[in-house]
Amino acid sequence: MSVLYQRPVRFEEVDAAGIAFFARFFNWCHEAMERFFDGVQGGYVGLITKRHIGFPAVHVTADWKSPLRYGDVAIIETSVLKIGHTSATLRYVLTRASDGVHAATIEHVVVASNLLTITKVPIPDDCRALLEAHRVTS
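Keep in mind it's a predicted model, so treat the numbers as computed, not measured.

Colleague: Which residues make up the environment of Lys65, and what values go with them?
Modeller: By the element assignment, Lys65 lies in the loop between β3 (57–64) and β4 (73–83). Within the structure, Lys65 has its side chain in polar contact with the side chain of Asp63 (distance 3.2 Å).

Colleague: Any details on the nonpolar core? Residues and values, ideally.
Modeller: Counting 35 residues, the largest nonpolar core has Phe37, Phe55, Tyr92 and Leu94 as the members making the most contacts within it. Among the elements that make up this core, the one with the highest residue count is helix α1 (residues 22–36) (6 residues). Setting aside its immediate chain neighbours within four residues, Tyr92 contacts Cys29, Ala32, Met33, Ile76, Glu77, Thr78, Ala104, Thr105, Ile106 and His108.

Colleague: Can you lay out the sheet that holds β4 for me, pointing to particular residues and giving the numbers?
Modeller: Pairing within the open sheet is antiparallel, and its 5 strands lie in the order β1-β4-β5-β6-β3. Looking at strand neighbours, the two that pair on one side only are β1 (3–8) and β3, the edges of this open sheet. If you compare each strand with its neighbour and ignore which way they point, the axes differ by 20° on average. By the bridge criterion, 9 bridges tie β4 to strand β5 (residues 87–96) in an arrangement that is antiparallel. Opposite Ile83, over in β5, you have Ala88 as the bridge partner. Contacts from helix α3 (residues 125–133) reach β4 and β5 within the one sheet, and its direction differs from that of β4 by about 110°.

Colleague: How would you sum up the pattern of salt bridges? Please name residues and give values.
Modeller: Tallied over the full model, the rule gives 7 salt bridges. One salt bridge connects Arg96 with Asp99, and the closest N-O pair in it is separated by 3.1 Å. According to the relative accessible area criterion, Arg96 is buried, its value standing at 14%. You can call Asp99 partly exposed: its relative accessible area is 44%. A salt bridge links Arg135 to Glu132, with the nearest nitrogen and oxygen atoms 3.3 Å apart.

Colleague: With reference to specific residues and values, describe the packing of aromatic side chains.
Modeller: Inspection of every chain in the model, using the stated rule, returns 9 aromatic pairs. Centroid distance Phe25 to Trp28: 4.9 Å. Interplanar angle 45°. Geometry classified as tilted. Here Phe25 pairs with Trp28, and both are found in helix α1, just 3 residues apart, close to one helical turn. For the pair shown, Phe25 and Trp28 are each scored as buried. Ring centres of Phe37 and Phe55 lie 4.8 Å apart, and the angle between their planes is 15°; this geometry places the pair in the stacked category. With Phe37 in the loop between α1 and α2 (43–49) and Phe55 in the loop between β2 (53–54) and β3, this pair connects stretches of sequence that are 18 residues apart.

Colleague: Can you explain α1? Please cite residues and give values.
Modeller: With 15 residues, α1 ought to run about 21 Å at 1.5 Å a step, and its terminal C-alpha atoms sit 22 Å apart, in line with that. Among the residues making up α1, those that are buried are Phe25, Trp28, Cys29, Ala32, Met33 and Phe36. Along α1, the residues classed as buried sweep out an arc of 150° about the axis, all on the same side.

Colleague: I'd like a description of the sheet that holds strand β7 (residues 113–114), backed by residues and values.
Modeller: Across the sheet, 3 strands lie side by side as β2-β7-β8; this open sheet has antiparallel pairing. Whereas interior strands pair on both sides, the edge strands pair on one side only; in this sheet they are β2 and β8 (119–120). Taken together, the 2 bridges between β2 and β7 define a ladder with antiparallel strand orientation. Note that in β7 the partner of Ile53 across the bridge is Asn114.

Thresholds, definitions, all that
- Residues numbered from 1 in each chain as written.
- Predicted model: local features only at pLDDT ≥ 70, side-chain atom pairs only at ≥ 80, totals over all residues.
- Heavy atoms only, no water.
- Helix = DSSP H or I, 4+ residues; strand = E, 2+ residues; numbered from the N terminus.
- Polar contact = N/O pair within 3.5 Å; in protein donor to acceptor, adjacent residues only side chain to side chain.
- Core = buried A, V, L, I, M, F, W, Y, C linked by side-chain atoms within 4.5 Å.
- Buried < 20%, exposed > 50% of the residue type's maximum accessible area, 1.4 Å probe, protein only.
- Contact = heavy atoms within 4.5 Å.
- Pairing = 2+ DSSP bridges.
- Axes fitted to C-alpha atoms, helices over the stretch in contact; angles between N-to-C directions.
- Salt bridge = Lys/Arg side-chain N within 4 Å of Asp/Glu carboxyl O.
- Phe/Tyr/Trp six-rings, centres within 6.5 Å; stacked < 30°, edge-to-face > 60°.
- Expected span 1.5 Å × (residues − 1).
- Arc of directions from axis to C-beta.

If you want it as structure tokens, here you go:
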């Protein structure tokens, strides 16, 4: 099972060629991750500001298939590939809403961290339950 997030491509996100600048895809995936964690009490904001738990990136891979342009809407499907004691691998599949064309797949390894000490911690139980609920087998 995955979580869907829709995001329009904004004017300031395209380059001189008129296509979305590659680094913007990472921003959009982070937005999708924030929406993913809406599934825990207080959402991602609560994790960061109240519980001081974050999920910083430690590894990211990306595979681009088709460009997105100003005015396109990206559908970002977030799922979980792997869950460890302190880390998880999220997968984002981006498609163009208007025609369903696959734009990119990004895999993002995150580590649960105490933001006050900047040290890794076990994934909190509620976050683990959310990750497990969206884990895919392939």
